[in-house]
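Structural overview
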Amino acid sequence: MRKFLIGVAIATSAGIHGLTLLTSSLIWATIYLSIAQVEYTRIANPAGEYEAVVTYSKIHHFIPGMPGQGSDKSGTISIYDREGNFYGSGSLDFIRNGYGIEWTENGASLPFVGEWNFEAGTYSYWSNDGQQLIVEQIRK
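1. Structural notes on the pattern of salt bridges
Applying the stated criterion across every chain yields a total of two salt bridges. Between Arg42 and Glu39 there is a salt bridge whose closest N-O contact spans 2.8 Å. With relative accessibility at 44%, the residue Arg42 sits in the partly exposed group. Glu51 is paired through a salt bridge with Arg42; the nearest N and O atoms lie 2.9 Å apart. What makes Glu51 partly exposed here is its relative accessible area of 27%.

2. Structural notes on the sheet that holds strand 6 (residues 107–110)
Two strands in a sheet stick together by hydrogen bonds in their backbones, pointing the same way (parallel) or opposite ways (antiparallel). The strand order across the open sheet built from five strands is 5-6-7-8-9, with neighbouring strands paired in antiparallel fashion. If you trace the sheet from one side to the other, it starts and ends with strand 5 (102–103) and strand 9 (133–137), each paired once. The pairing of strand 5 with strand 6 spans two bridges and is classified as antiparallel. Residue pairing in the sheet places Trp103 in a bridge with Ala108 of strand 6.

So, how was this worked out
- Residues numbered from 1 in each chain as written.
- Predicted model: local features only at pLDDT ≥ 70, side-chain atom pairs only at ≥ 80, totals over all residues.
- Heavy atoms only, no water.
- Salt bridge = Lys/Arg side-chain N within 4 Å of Asp/Glu carboxyl O.
- Buried < 20%, exposed > 50% of the residue type's maximum accessible area, 1.4 Å probe, protein only.
- Pairing = 2+ DSSP bridges.
- Helix = DSSP H or I, 4+ residues; strand = E, 2+ residues; numbered from the N terminus.

As structure tokens, then:
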């Protein structure tokens, strides 16, 4: 009887530890998939000096969708220069909207996202309530 109880205790302990490890692994996998970014596309300005990089969260690979809805994911657009210097980023409701970027003489503009001024080193966007223009000094 004593050997049986010891066996049950060991099996129960192993089961609890296994479930704890499995739960912990699933939590960390979910966090990783939510944070990790996948590159969707790169769009260079005509002179090739700057590049817009559109990314989305890796977790979207595991969310089912209908055929043709691959670009319906939300994401981010970020702009870098040739040396890899960051010039700011904005949120995209749909990653396909990144193709709407317009390169200007001094920067770039994307409707409903923001405007970049490379010479001034600023990124401008509207607040969530649409009442205030926010200007961030990204580069000096």
